[in-house]
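For reference, the chains in residue letters:
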Amino acid sequence: MSNENWAQDSVEAEISTKIRSALSPLVFELENESHRHGGPATDSHFKLTLVCEQFTELPRVKRHQQIYAILAEELKGPVHALALHLYSPQEWEEANGEVPGSPDCRGGSKASPG
């Protein structure tokens with residue numbers, strides 16, 4: 001799908017479909033954070049929280065690489081930023097199901113001068 005063909009709601013739906021079918025996560029949360037960033041609110045900034053059995057034996061960098069591979073098309077096109085919070089079931093339990101908050105955007109029109 002070319003960048004020009006992305007419909008407003010299709011980015012979030014496409015991410016959801018691809019991740020759910022590739023990993024069968026126990027916990028799946030996809031938050032569109034585009035409204036928190038400079039410029040017009042679009043489907044470009046997301047926060048993804050996943051809990052998957054597959055992550056149990058994988059180091060953090062391999063987990064991220066797996067997600068990047070699954071979402072390669074979206075990352076080349078409409079998705080500008082993707083915050084990843086990837087847990088094994090045990091790590092999720094140890095974190096009490098809590099995910100760090102996203103920082104405020106400091107880029108684009110929200111950046112302070114100097």
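Each remark here, short or long, concerns the structure printed above.
The residue numbering used here restarts from 1 in each chain and proceeds along that chain's sequence as written. The predicted origin of the model limits local features to residues at a pLDDT of at least 70 and limits the giving and counting of side-chain atom pairs to 80 or more, whereas totals for whole chains, interfaces and linings rest on all residues. As a convention, hydrogens and water are excluded, and side-chain values are obtained from all of the structure's heavy atoms.

This brings us to helix α2 (residues 60-70). Here the term buried applies to any residue with accessible area under 20% of the maximum for its type, exposed to any over 50%, and partly exposed to those in between, with areas from a 1.4 Å probe on protein chains only. Where helices and strands are cited, they refer to DSSP runs of H or I of at least four residues and of E of at least two residues respectively, numbered from the N terminus. For α2, every residue scored as buried is listed here: Arg63, His64, Ile67 and Ile70. For α2, the angular spread of the buried residues around the axis is 125°, confining them to a single face. For α2, exposure combined with an orientation more than 90 degrees from the buried face picks out Val61 and Ala69. By definition, residues are in contact when any of their heavy atoms lie within 4.5 Å. Elements in contact with the buried residues of α2: α1 (10-23), β2 (45-51), α3 (72-76), β3 (81-87) and α4 (89-94). Taking the helix axis as origin, the arc is that swept by the directions to the C-beta atoms.

Time to look at the nonpolar core. Definition used in this section: a nonpolar core is a set of buried Ala, Val, Leu, Ile, Met, Phe, Trp, Tyr and Cys residues joined via side-chain atoms within 4.5 Å. Counting residues in hydrophobic clusters, the biggest one holds 18 residues, and the most contacted among them are Ile15, Ile19, Leu23, Leu48, Leu50, Ile67 and Leu82. Broken down by secondary-structure element, the contributors of at least two residues to this core are α1, β1 (27-32), β2, α2 and β3. Top element by residues in this core is α1. It accounts for 4 residues.

Angles here are taken between N-to-C directions and fall from 0 to 180 degrees, while the axes themselves are lines fitted to C-alpha atoms, restricted in helices to the stretch in contact. Put simply, α1 and α2 touch, their axes get as near as 10 Å, and they point 125° apart. Classified by the angle between their axes, α1 and α2 sit oblique to one another. By crossing handedness, the relation of α1 to α2 is classed as right-handed. Listed contacts from α2 to Lys18, Ile19, Ala22 and Leu23 of α1 are Gln66, Ile67 and Ile70. Throughout this entry, Asp, Glu, Lys and Arg are counted as charged residues, while Ala, Val, Leu, Ile, Met, Phe, Trp, Tyr, Cys and Pro are counted as nonpolar. The remaining residues, Gly among them, count as polar. In terms of residue class, the contact of α1 with α2 is built from 5 nonpolar, 1 polar and 1 charged. In these notes the angle categories are as follows: under 35 degrees is roughly parallel, over 145 is roughly antiparallel, 65 to 115 is roughly perpendicular, and the rest is oblique. Less than a right angle of anticlockwise turn of the near helix away from the far helix marks a crossing as left-handed, whereas a clockwise turn marks it as right-handed.

Here we come to the pairing of β3. It is a general feature of regular strands that their side chains alternate between the two faces of the sheet. By the criterion of burial, β3 is predominantly enclosed, with 5 of the 7 residues buried. Relative to β3, β2 is paired through 7 bridges, and the arrangement is parallel. For Leu48, the partnering residue across the bridge sits in β3 and is Leu84. Note on pairing: two strands pair once DSSP finds at least 2 bridges between them.

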